[in-house]
Amino acid sequence: MSDLITTALVRLDADLGTEKHAVIKALAWIAADAGRTTDPDQLAADAITREGTAPTGLAGGIAIPHCRTPAVSEPTLAFVRLQPKVEFGAKDGPADLAFLIAAPAGGDATHLQLLTKLARALVKPDFTAGLRSAATEQEVVDLVLGVVGDAPAQAGGAPTAPAGDGATSLVAVTACPTGIAHTYMAAEALEAAAAKAGVTIAVETQGSAGSKPLSPATIAAASAVIFAVDVGVRDRGRFAGKPVVSSGVKRAIDDGDAMVAEALRYAGDPNAPRVEGVLSESTSGGGAEESWGARVRRVLMTGVSYMIPFVAAGGLLIALSFLLGGYEIVGPYGQIAVHNTLFDLPSPDQLHLGHALLGSGFFAYIGALFFIIGKTAFMLFIPALGGYIAYAIADRPGIAPGFVLGGLAANIFAVADSSGTTVPVTGYLGAIVGGVLAGLIAHWLAQRSVPSWARGLMPVLVIPFVTCVVGGLLMLIVLGRPIAWIMNHITDGLNSMTGSNAVLLGVILGLMMAFDMGGPLNKVAYSFAVAGLGTAAAASSGAPELKIMAAVMLAGMVPPIALALATVLRPHVFTVAERENGKAGWLLGASFITEGAIPFAAADPIRVIPSIMLGSAVTGGLAELFDVSIRAPHGGIFVLFAVHNIVGYLIALVAGVGVGAFAVITAKTVWPTDTDVATV
């Protein structure tokens, strides 16, 4: 295995551009020049995609764009000391130190441990000071290798805390979606904060390098627990009854001292929030670690986040199948797949495929295969929604029964009588109910005490079997028909939404998409749209579900583009950092990445959020008014081939962007803020 970093992967005081995407692309090409990747474009794209989920700028002028990617075969670290600094989304300003951290898509724990040790070092002031004062590339390499060349990092976190010594001790869990950098930086920051406060802490890092669970004795001795996570905590029942402080990983990195102080306050408070489950005997207070709203949000967001790739792949494939084979492909696709090959192409004329691309049998054949693959992906997205909702509640034992109950909701077995009447199809509502049901049953079973000889059978046999039986019977006998009745009424309501009712729906969806820019309301609106897209993928262009998808996608594109336009039209009311974010906003908005507006909203929510909500509402309403429809669930302007009524699509987008930009400029001009804006 090559060294994580070499002098060929280091640049000092370099100008790699004025915005973060340019820096990431330049670092990817540095890695290519050093022979660490043959596909720098893929490496940059994967890192930029990760950047779109949450900014990787950290306090202290550090940026750590990172990803797991097939573009590298071994852990790779490219470093640049930037001149000038570049904004990466940190609260305290732009970054002058940037690491591109790339881990192989299938990297083993040994590889990933190198990156975890680097991540832990990045929160140490002496390490970053050394990077800033380094005079040569070799000094940087020596600093980094000195950090990662010690004994292997602990996958599970810090050493276990001593139990039973009477002193206050804490335990913590850190976890981020990628599991490469933030997970371990949060752990290091919490350990440093605890040392400063004079208390013992043991941290379990649930990251890509594996997780070494905290010992039961350590947990039992702890006075409180800290969850610094952006995903669900694995096996959270171990901490039941403990006072808890919960946040995302970024807060732990930026303000670990405050989290430790809060945990210490909760340790002596009988009314402090606690991890759900059976309380310990020494506590008399209670309550949930999360509010019910927060818990529901976490569970649903987990299910939706795992569901979206099925929808995205399926939607784009079906859209491409229509582009290649024409909309008529929904009829003879089966005949083509069974009877034709690349060497025996179908005849578009004989199969009445009047809209096959160029009248070509080849394109008709590929279109039929794309349709089959896409429909298969769509058939799986409802089971995936149920499966991963159950996973969010019960961890791995919930996945299989969640998929099964989601499959029942979609009737993937196509159960029907001789006349073709099927068992109740409950769709995405049934998947949500089934996923929750499977998760609760599996979680309850996992908490039961069983003999030691049966423990190994519980997660792989007993829990899935019992949960499938109990949950499946409840879905088929008790819940199926009521949920199907609700779904039918929702569908009938959508089909009846024409004229002003449809426009009102578009306005509401637009408001939801812009309100929290990727948060719960945004995801509810998006999930509503893609669920309808799944049921109407092969319908005519006038299907209301396809119009809803268009309204949601267009409304989600508006906020970043509107803010980017505003920074161009009236730059003096924006800070230099906001101007730089505006440059990236064009592409992010065009790609339907609503999160590109978050830096603006975070800095000035009162003026920005209502303005972009107004713009998105206009776009959503106009999209419905103009009967715009789309068959792809993502992609923005890059899937125009899947759009019906492109003129209406563009008018709706331009109108909303104009309204949003005008509104935010007006708000910032009429009600100026105290923020220091740019003067140059």
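Every chain begins its residue count from 1, and numbering advances along the sequence as written. Whole-chain, interface and lining totals are the exception, using all residues; otherwise, since this is a predicted model, local features are given only for residues with pLDDT of at least 70 and side-chain atom pairs are given and counted only at 80 or more. Calculation of side-chain values draws on the structure's entire complement of heavy atoms; hydrogens and water are dropped beforehand.

Starting at the N terminus, helices and strands are each numbered in turn, a helix being any DSSP run of H or I of at least four residues and a strand any DSSP run of E of at least two. Summing up its helical and strand segments, the protein has 21 helices and twelve strands in all. Throughout, exposure labels follow a simple rule: accessible area from a 1.4 Å probe, protein chains only, divided by the maximum for the residue type, with under 20% read as buried, over 50% as exposed, and the rest as partly exposed. Out of the 680 residues in the protein, the part that is buried amounts to 53%. By definition, residues are in contact when any of their heavy atoms lie within 4.5 Å. The contacts in the protein between residues at least 6 apart in sequence include a share of 73% that link residues at least 24 apart. For the protein, the exposed area adds up to about 28400 Å²; of that, 63% sits on carbon and sulfur atoms. Exposure was quantified through the Shrake-Rupley algorithm and a 1.4 Å probe, taking into account, for residues, occlusion by the shown protein chains and nothing else.

In this section: empty space enclosed by the protein. Gaps between atoms show up when a probe of the same size as a water molecule is rolled over them. Computed over the protein atoms alone on a 1 Å grid, cavities are sets of points where a 1.4 Å probe fits but cannot get out and pockets are open sets with protein on both sides within 12 Å along at least five of seven lines; a residue lines them when it has an atom within 4 Å of a point. Grid points are joined across faces, edges and corners, and a volume is the space filled by probe spheres set on the points. Counted under the stated rule, the structure contains one cavity of 30 Å³ or more. Volume-wise, the largest cavity comes out at about 40 Å³. Around the largest cavity, the lining residues are T18, E19, K20, V86, E87, E580, N581 and A584. Broken down by element, the lining of the largest cavity gets its largest block of residues, three residues, from helix α18 (residues 576-590). In the lining of the largest cavity, the residues fall into two nonpolar, two polar and four charged. Only Asp, Glu, Lys and Arg are considered charged in this grouping, and only Ala, Val, Leu, Ile, Met, Phe, Trp, Tyr, Cys and Pro are considered nonpolar; every other residue, Gly among them, is considered polar.

Looking now at helix α1 (residues 20-33). Helix span, as expected, comes to 1.5 Å for every residue beyond the first. Taking 1.5 Å of rise per residue, 14 residues should cover 20 Å, and α1 covers 20 Å from first to last C-alpha, within 8% of that figure. Those residues of α1 not exposed but buried are K20, H21, V23, I24, L27, A28, I30, A31 and A32. For this analysis, a polar contact is any N or O atom pair within 3.5 Å, provided that within protein one partner can donate a hydrogen and the other can accept it, and provided that sequence-adjacent residues contribute only side-chain to side-chain pairs. Structurally, the start of α1 carries an N-cap: the backbone nitrogen of H21 is 2.9 Å from a side-chain oxygen of E19. Just beyond α1, the residue with positive phi is G35, at close to 80°.

Within the secondary structure, T426 is located in the loop between α12 (399-410) and α13 (427-446). Look past the residues within four positions of T426 in its chain and what remains in contact with it is A409, M475, G480, I483, A484 and M487.

Attention now goes to the packing of aromatic side chains. Any two of the Phe, Tyr and Trp rings considered here, Trp counted by its six-membered ring, make a pair once their centres fall within 6.5 Å; the pair's planes then place it as stacked at under 30 degrees, edge-to-face at over 60, or tilted in between. All told, the structure shown has eight aromatic pairs when counted by the stated rule. When the ring of Y388 is compared with that of Y391, the centres are 6.1 Å apart and the planes differ by 80°; the resulting orientation is edge-to-face. Here Y388 pairs with Y391, and both are found in helix α11 (residues 361-394), just three residues apart, close to one helical turn. Accessibility expressed as a relative area gives 19% for Y388, which makes it buried.

Below, the discussion takes up the pattern of salt bridges. Working definition: two side chains of opposite charge can pair if their charged atoms are close together. Any carboxyl oxygen of Asp or Glu that lies within 4 Å of a side-chain nitrogen of Lys or Arg is treated as forming a salt bridge with it. This model, assessed by the stated rule, comprises eight salt bridges. When the shortest N-O distance is used, the salt bridge between R81 and D13 registers 3.0 Å. Of this pair, R81 sits in strand β5 (residues 76-86) while D13 sits in strand β1 (residues 10-14), and the two are 68 residues apart along the sequence. Across the pair K20 and E51 runs a salt bridge, and its minimum N-O distance is 3.4 Å. Here K20 is found in helix α1, whereas its partner E51 is found in helix α2 (residues 40-53), with 31 residues between them in sequence. For K20, a relative accessible area of 14% gives the class buried. What makes E51 buried here is its relative accessible area of 4%.

On to the confidence of the model for the protein, then. Note that predicted coordinates carrying low pLDDT should not be read in detail. The predictor reports its confidence for every residue as pLDDT, a score running from 0 up to 100. Confidence in the prediction of the protein, expressed as mean pLDDT, is 81, and 84% of residues score 70 or more. Long-range and interchain partners of residues 674-680, a stretch whose pLDDT sits below 50, account for twelve contacts in this model, where long-range means more than four residues apart.

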